[in-house]
Amino acid sequence: MPEQGTRGRTRGSGRRQWAVLAVGGVIAVAVVALVLATVTGPDGGGRGGAGTDRPVAGRESAAAAFPGGLARQPEQDNQAARRAADARADGERTTADRIDVIADQPVATWLADPSESATRQVVRRVVRSAEQQHRTPVFVLYAIPDRDCGSYSAGGTAEDAYLPWVRSAVRAMAGSHAVVLVEPDSIAQIHVCERLGQDRLRLLDRAVDELSGHGLTVYLDGGNEDRVPVATMARWLRQAGVDRTQGFATNVSNFYRVDTERAYADRLADAIGGDPHFVIDVSRNGQGWRGTWCNPEGAGLGQAPHVTAGSSRLDALLWVKTPGLSDGTCNGGPAAGQWWESYALALVEHRRQD
């Protein structure tokens, strides 16, 4: 059953309060206040998604957003665990032990297959496993049309198939307390792929509608510290419906250190207004920025993923990108999303030690 709390609830908008004022013994009726849930942002648009007067979501504590903590993937969906098992069966014990450093951590499950039925199968399997652990599964939606603007991770659904695909995935995870990260790179890429533009933001805004009200915790993707100016990203996130979500995610599949990325996220949250929360991907940032986002040499695993104590807007440090999967055919890597064992072992070797 969905958690009974603030998830999915919204604050009312457009309520008028009237008061009766006594002035010199004469009773006069006056308007005391007009209360609105949406507030005009610095770009002149309302903070209710695509500049509308939609209500603002109530944000939860980190503990309420991730009840029980982070769930591990079932082995069928844990690529590192499968490879470690194969290595151990082949007598490669040292290799298996090293890969287990990745396999033993909770990692997000990416939903990138445009097939609705295949996506539902994955979601249900991961949700069942999380329920058995009494922990929270984390999913990544990654099938938006014109994904990656035709680059290494090109693909996604057809334009008219995306919202039905989202709707299908939501039905499979409804009531599971799942955390859903929405479409990495989809907003930040507008900065360099102008053809995406407002159509992309409107589509994301509609996806947020589909995700709302099902007992899910939703974060839109907020790029990273060195990609899009904060004011621009804040405007785009508002247009994409961030005010109807828990907040945004940063550093997904990237390598920036937690301290600098957290400072960026705080600036972005301030620019958005309404106190959105955020999560940071720390799967491969143990050695910080290495000069490129695509299979950089010398990268290492970041700190272990965990939910925070909830004393700030930072809800969790997550392993969103699966360590060991290639970013694309760059710096000697295989196709994007393929297991690259030498790279995985290097991430373990260079992992953050404290």
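Before reading further, recall that the structure is shown in the block above.
Residues numbered from 1 in each chain as written. Predicted model: local features only at pLDDT ≥ 70, side-chain atom pairs only at ≥ 80, totals over all residues. Heavy atoms only, no water.

Novice: Residue-level account of the packing of helix H2 (residues 79-89) against helix H3 (residues 93-103), with values.
Specialist: Packed helices, taken two at a time, are described by the angle between their axes plus the distance between the axes. Between H2 and H3, whose axes approach to 8 Å, the crossing angle comes to 165°. The angle between H2 and H3 falls in the class roughly antiparallel. Between H2 and H3 the crossing geometry is left-handed. Facing Ala 80, Ala 81, Arg 83, Ala 84, Ala 87 and Arg 88 of H2, the residues of H3 in contact are Thr 95, Ala 96, Asp 97, Ile 99, Asp 100, Ile 102 and Ala 103. Broken down by class, the residue content of the contact of H2 with H3 amounts to eight nonpolar, one polar and four charged. (Axes fitted to C-alpha atoms, helices over the stretch in contact; angles between N-to-C directions. Helix = DSSP H or I, 4+ residues; strand = E, 2+ residues; numbered from the N terminus. Parallel < 35°, antiparallel > 145°, perpendicular 65-115°, else oblique. Left-handed = near helix turned anticlockwise from the far one by under 90°. Contact = heavy atoms within 4.5 Å. Nonpolar A, V, L, I, M, F, W, Y, C, P; charged D, E, K, R; others polar.)

Novice: Outline the state of the cysteines, listing residues and values.
Specialist: Covalent bonding between the sulfur atoms of two cysteines is what defines a disulfide. Evaluation of the coordinates by the stated rule reveals two disulfides. Here Cys 149 is linked by a disulfide to Cys 193, with a sulfur-sulfur distance of 1.8 Å. An S-S torsion of about 65° defines the bridge between Cys 149 and Cys 193 as right-handed. Residue Cys 149 is found in the loop between strand E4 (138-141) and helix H5 (162-173), and its partner Cys 193 is found in the loop between strand E5 (179-182) and helix H6 (197-211); the two are separated by 44 residues along the sequence. One disulfide in the model links Cys 294 with Cys 330; its S-S distance is 1.7 Å. Taking the sign of the S-S torsion, about -70° here, the bridge from Cys 294 to Cys 330 comes out left-handed. Of this pair, Cys 294 sits in the loop between strand E8 (277-281) and strand E9 (306-307) while Cys 330 sits in the loop between strand E10 (314-318) and helix H9 (341-349), and the two are 36 residues apart along the sequence. Since its relative accessible area comes to 4%, Cys 294 is described here as buried. (Disulfide = S-S within 2.5 Å. Buried < 20%, exposed > 50% of the residue type's maximum accessible area, 1.4 Å probe, protein only.)

Novice: So, the nonpolar core: which residues are in play, and what are the values?
Specialist: Ranked by size, the top nonpolar core spans 69 residues in total, and within it Met 173, Leu 211 and Leu 237 carry the most contacts. Ranked by residues supplied to this core, first place goes to H5 with eight residues. Not counting chain neighbours up to four residues away, the residues in contact with Met 173 comprise Leu 111, Val 123, Val 127, Phe 139, Val 180 and Leu 216. Counting residues in hydrophobic clusters, the runner-up holds 15 residues, among them Ala 65, Val 138, Val 140 and Tyr 219. (Core = buried A, V, L, I, M, F, W, Y, C linked by side-chain atoms within 4.5 Å.)

Novice: Residues and numbers for the pairing of strand E6 (residues 217-221), please.
Specialist: In terms of burial, E6 is largely enclosed, as five of its five residues are buried. By the alternation rule, side chains of E6 split into Thr 217, Tyr 219 and Asp 221 and Val 218 and Leu 220, which are all buried. Examined bridge by bridge, E6 and strand E7 (residues 247-250) share three bridges and lie parallel to one another. Its bridge partner being in E7, Leu 220 is matched across the sheet by Phe 248. Each parallel crossover has a hand, and the one from E6 via helix H7 (residues 230-239) to E7 is right-handed. (Pairing = 2+ DSSP bridges. Right-handed = clockwise from strand over helix to strand, strands pointing away.)

Novice: Quick one: what's the story with the layout of surface pockets, residue by residue and with numbers?
Specialist: Approximately 1100 Å³ is the volume found for the largest pocket. If you go around the largest pocket, you meet 46 residues; those closest to its centre are Trp 110, Tyr 142, Ser 153, Ser 253 and Lys 321. Breaking the lining of the largest pocket down by element, the ones donating at least two residues are H2, strand E3 (109-111) and helix H4 (116-133). Considering only residue class, the lining of the largest pocket consists of 17 nonpolar, 18 polar and 11 charged. (1 Å grid on protein atoms, 1.4 Å probe; cavity = no way out; pocket = protein on both sides within 12 Å on 5 of 7 lines; lining within 4 Å. Points joined across faces, edges and corners; volume = space filled by probe spheres on them.)

Novice: Break down empty space enclosed by the protein for me, citing the residues and quoting the values.
Specialist: Applying the stated criterion across every chain yields a total of three cavities of 30 Å³ or more. Reported here for the largest cavity is a volume of approximately 70 Å³. Around the largest cavity, the lining residues are Leu 70, Ala 71, Pro 106, Val 107, Ala 108, Pro 137, Val 138, Pro 305, Leu 318 and Trp 319. When the residues that make up the lining of the largest cavity are grouped by side-chain class, the tally is 10 nonpolar, no polar and no charged.

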